[in-house]
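Coordinate analysis (summary)
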Amino acid sequence: MKLAFIPVPVMIAASAIVATRCLEFILLFDAMGFSGLMSFIEVSAESWLNCFILLASLLIVLIECRAAYAMMRARIWGRRAFIGCQIIVVGYMLLASFEWFGPRIFRFDVETQGEFLTALLVQKIPDIVVLLLLFVPASSRRYFAKRK
C-alpha cells in the first residue's frame, strides 16, 4: 500500500530521531576526540557487563532509527518501539546513576533525586518533543489510527 502523505509532525519526529542520534555521535567524537573515544571503548570492554551495556546501547540506537523509518511508513509498532527504548534508557540511567546497578558507563553523576530529574529532563528534551509530535497532533493520531 502506497501512502499518500505523511503528516508533518510525524515526518519531523521521525527525522528528528535519526538526526539527534547522528548528532549525538558527532558531539561525542568532538568532545572526546579519537584517543578519548578509544579509551572509552577500552574501559567499556574491561568487563563483560560493560561490554554488554555498550553493545546494547548501540542496538537501542539502531532500533530507534529503524522505528523512525517504520513510523514514516505508518507502522504503529514504530511508535511503541521508540517508547520502549526510552523506557529502557531512562530505567538504566536511574539504576546506574544511583549505583543500584554496577556499570559506571552511561550515568549521571548526581547525589539527589532532584538533580537526577533535572539532568534527565535536560538530556531527554528532544525525545519528549518527538513523543509529543507523535501522539498529540490530531493528524499524527489519524495517520496511525487509519493504518491499524
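In this text, all values refer to a predicted model and were calculated from it rather than measured experimentally. (Residues numbered from 1 in each chain as written. Predicted model: local features only at pLDDT ≥ 70, side-chain atom pairs only at ≥ 80, totals over all residues. Heavy atoms only, no water.)

**Quick look at the overall build of the protein**
The condition is simple: Strands here are runs of E lasting at least two residues and helices are runs of H or I lasting at least four, both read from the DSSP assignment and numbered beginning at the N terminus. When accessible area is computed with a 1.4 Å probe and restricted to protein chains, residues below 20% of their type maximum are described as buried, those above 50% as exposed, and intermediate ones as partly exposed. Note on contacts: a residue pair qualifies if any of its non-hydrogen atoms lie within 4.5 Å across the two residues. In this description, accessible areas are obtained by the Shrake-Rupley approach with a 1.4 Å probe, and a residue is regarded as covered only by the protein chains that are shown.
Within the protein, the secondary structure is distributed over five helices and zero strands. Dimensions along the principal axes, computed over C-alpha positions, put the protein at roughly 50 × 35 × 25 Å. Looking at the protein as a whole, 33% of its 148 residues qualify as buried. Here the analysis covers contacts within the protein between residues at least 6 apart in sequence; of these, 61% occur between residues at least 24 apart. Accessible area of the protein: about 9,400 Å², with a carbon and sulfur share of 71%.

**Topic: the packing of helix 1 (residues 8-44) against helix 4 (residues 113-135)**
Using the following cut-off: Between the N-to-C directions of two axes lies an angle of 0 to 180 degrees, each axis being a line fitted to C-alpha atoms and, for a helix, fitted only over the stretch in contact. An angle below 35 degrees is treated as roughly parallel, one above 145 as roughly antiparallel, one from 65 to 115 as roughly perpendicular, and anything else as oblique. By the definition used in this description, the sense in which the near helix is turned from the far one sets the handedness, with an anticlockwise turn below a right angle giving left-handed and a clockwise turn giving right-handed. For this classification, Asp, Glu, Lys and Arg are treated as charged, while Ala, Val, Leu, Ile, Met, Phe, Trp, Tyr, Cys and Pro are nonpolar and the rest, including Gly, are polar.
It is at 8 Å that the axes of helix 1 and helix 4 come closest, and there the two elements cross at 160 degrees. One way to sum up the angle between helix 1 and helix 4 is to call them roughly antiparallel. Considering how the two elements wind past one another, helix 1 and helix 4 form a crossing that is left-handed. Taking contact as the criterion, the partners of P9, V10, I12, A13, A16, I17, T20 and R21 in helix 1 are, on helix 4, P126, D127, V130, L133 and L134. For the contact of helix 1 with helix 4, a count of residues per class yields ten nonpolar, one polar and two charged.

**As for the nonpolar core**
So the rule is basically this: Grouping buried Ala, Val, Leu, Ile, Met, Phe, Trp, Tyr and Cys residues that are joined through side-chain atoms within 4.5 Å yields what is termed a nonpolar core.
One finds I17, M71, V130, L134 and F144 to be the most contacted residues of the largest nonpolar core, which totals 15 residues. At the level of secondary structure, the elements contributing two or more residues to this core comprise helix 1, helix 2 (48-72), helix 3 (76-97), helix 4 and helix 5 (138-145). Per-element accounting of this core gives the leading share, four residues, to helix 1. Once residues lying within four places of it in the same chain are set aside, the contact partners of L134 are V10, A13, M71, R79, S140 and F144. In this structure, V89, F98, F108 and F116 belong to the second largest nonpolar core, which totals nine residues.

**Some details on the pattern of salt bridges**
For side chains of opposite charge, pairing can occur when their charged atoms come near one another. To keep things clear, this is the line we draw: Every case where a carboxyl oxygen of Asp or Glu lies within 4 Å of a side-chain nitrogen of Lys or Arg is listed as a salt bridge.
By the definition in use, this model includes six salt bridges. With its nearest N and O atoms 2.5 Å apart, the salt bridge here joins R21 to E64. Of this pair, R21 sits in helix 1 while E64 sits in helix 2, and the two are 43 residues apart along the sequence. What emerges from the salt-bridge pattern is a single network uniting R21, E24, E64, K124 and D127.

**Notes on unusual backbone geometry**
A positive phi is found at A74, a non-glycine position, where the angle reads about 65 degrees. Residue position: A74 is located in the loop between helix 2 and helix 3. The class of A74 is buried, set by a relative accessible area of 3%.

**Thoughts on the UniProt feature "transmembrane region" (unreviewed entry) in the protein**
Counted only if it meets this: UniProt positions are given in the numbering used here, feature names are shortened, and annotations may be inferred rather than shown by experiment.
Per the UniProt annotation, the sites labelled "transmembrane region" (unreviewed entry) are residues 47-69, 81-101 and 116-138. With 81% helix and 0% strand, the stretch residues 81-101 has end C-alpha atoms that lie 24 Å from each other.

**Some points on the environment of V129**
Summarising the element assignment, V129 is placed in helix 4. Linking V129 and F34, residues 95 residues apart in sequence, is a C-alpha distance of 31 Å.

**A few points about the side chain of K124**
As for its position among the elements, K124 is in helix 4. In this structure K124 touches Q86, V89 and V90, once residues within four positions along its chain are discounted.

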